[in-house]
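# Geometric and topological summary
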Amino acid sequence: MLQRLARFCYRRRWRILGAWVVLLIGLFALNSTVGGKFLDEFELPGSESQEAVDLLEEHGFDTRAGATGQVVFKAADVNDAAVRRDMEALFDEIAEITAPSEVVSPYSPEGAHQISQTGPEAGKIAYAEVNLADRDSDELYEDGEEG
């Protein structure tokens, strides 16, 4: 039976290909007109994870209750004064654009471990940790577009 189906499809391969293309275009069109909005809000009352998020927000750590990211950079020497000045300016701009947020710089005492210490790249690679407050995905996209 599969052999007959294979022969049928092979003999009419251009029609089959065209049918697939029309079907895919139709499905994409249907999805954009009928499909719902992507939601990233999820709450599970009574769970340990929800309790942890609530606890962070209660005690003023709401910037740690959302998404996180890293800004990774490489330079001949990340501790060079010019590199440090430029990167600190970038971190300040990121913090301003994404407020409320927290940017942990590799040049701060709590971020000192964020500079590579070993291997051939020692002192050449570093990263800043960006902690965003909990927010709607549309706001995250807007923040990303502003940067």
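One structure accompanies this document, and this report is about it. (Residues numbered from 1 in each chain as written. Predicted model: local features only at pLDDT ≥ 70, side-chain atom pairs only at ≥ 80, totals over all residues. Heavy atoms only, no water.)

Among the nonpolar cores identified, the biggest contains 10 residues, and these are F73, A75, V78, V83, M87, F91, Y107, I115, A126 and A128. For this core, the elements supplying multiple residues, two or more each, are helix 4 (81–97) and strand 3 (125–132). Ranked by the residues each element gives to this core, the list is headed by helix 4, at 3 residues. Dropping the residues within four chain positions of it, I115 is found in contact with V78, N79, P106, G123, I125 and A126. (Core = buried A, V, L, I, M, F, W, Y, C linked by side-chain atoms within 4.5 Å. Buried < 20%, exposed > 50% of the residue type's maximum accessible area, 1.4 Å probe, protein only. Helix = DSSP H or I, 4+ residues; strand = E, 2+ residues; numbered from the N terminus. Contact = heavy atoms within 4.5 Å.)

Let us look at a positive patch on the surface. On the surface, a cluster of positive charge is contributed by R7, R11, R12 and R15. In this structure R15 comes out as exposed when scored by relative accessible area, which is 66%. (Patch = residues over 30% accessible without salt bridge, like charges linked within 9 Å, V, L, I, M, F, W, Y side chains within 5 Å. Areas by Shrake-Rupley, 256 points an atom, 1.4 Å probe, with all protein chains shown as cover. Salt bridge = Lys/Arg side-chain N within 4 Å of Asp/Glu carboxyl O. Lys, Arg positive; Asp, Glu negative; His and termini not counted. Charge placed at Lys NZ, Arg CZ, Asp CG, Glu CD.)

For the structure on display, the rule yields 1 aromatic pair. A ring pair is formed by F73 and F91, whose centres lie 6.0 Å apart and whose planes are at 55 degrees; its orientation type is tilted. Here F73 is found in strand 1 (residues 68–74), whereas its partner F91 is found in helix 4, with 18 residues between them in sequence. With relative accessibility at 9%, the residue F73 sits in the buried group. In this structure, R13 packs its charged tip against the face of Y10, placed 4.4 Å from the ring centre. (Phe/Tyr/Trp six-rings, centres within 6.5 Å; stacked < 30°, edge-to-face > 60°. Lys NZ or Arg CZ within 6 Å of the ring centre and 35° of its normal.)

This part covers a negative patch on the surface. Together, E43, E48, E51, D54, E57 and E58 make up a negatively charged patch on the protein surface. Tracing the sequence through the fold places E48 in helix 3 (residues 48–58).

Our focus in this paragraph is the side chain of Q114. Secondary-structure assignment places Q114 in the loop between strand 2 (101–104) and strand 3. Given a relative accessible area of 3%, Q114 falls into the buried group. Those residues within four positions of Q114 in sequence are excluded, and the remaining contacts are V104, S105, P106, I125, A126, Y127, A128 and E129.

Here the focus is the pattern of salt bridges. Inspection of every chain in the model, using the stated rule, returns 1 salt bridge. E121 is the salt-bridge partner of K74, the closest N and O atoms lying 3.4 Å from each other. Of this pair, K74 sits in strand 1 while E121 sits in the loop between strand 2 and strand 3, placing them 47 residues apart in sequence. The exposure class assigned to K74 is exposed, which follows from its relative accessible area of 58%. Exposure remark for E121: the relative accessible area of 28% places this residue in the partly exposed category.

Judged by pairing direction, the sheet is antiparallel, and its 3 strands sit side by side in the order 1-3-2 without closing on themselves. With partners counted over all chains shown, the strands left at the sheet margins are strand 1 and strand 2, one partner each. When the angles between neighbouring strand axes are averaged without regard to direction, this sheet yields 20 degrees. Taken together, the 4 bridges between strand 2 and strand 3 define a ladder with antiparallel strand orientation. (Pairing = 2+ DSSP bridges. Axes fitted to C-alpha atoms, helices over the stretch in contact; angles between N-to-C directions.)

Pairing of strand 1 with strand 3, which is carried by 7 bridges, proceeds in the antiparallel orientation. Each residue of the ladder has a partner; that of Q70, found in strand 3, is E129.

Take the environment of E129 next. Topologically, E129 is positioned in strand 3. The sequence separation of E129 and V72 amounts to 57 residues, and the corresponding C-alpha distance is 8.8 Å.

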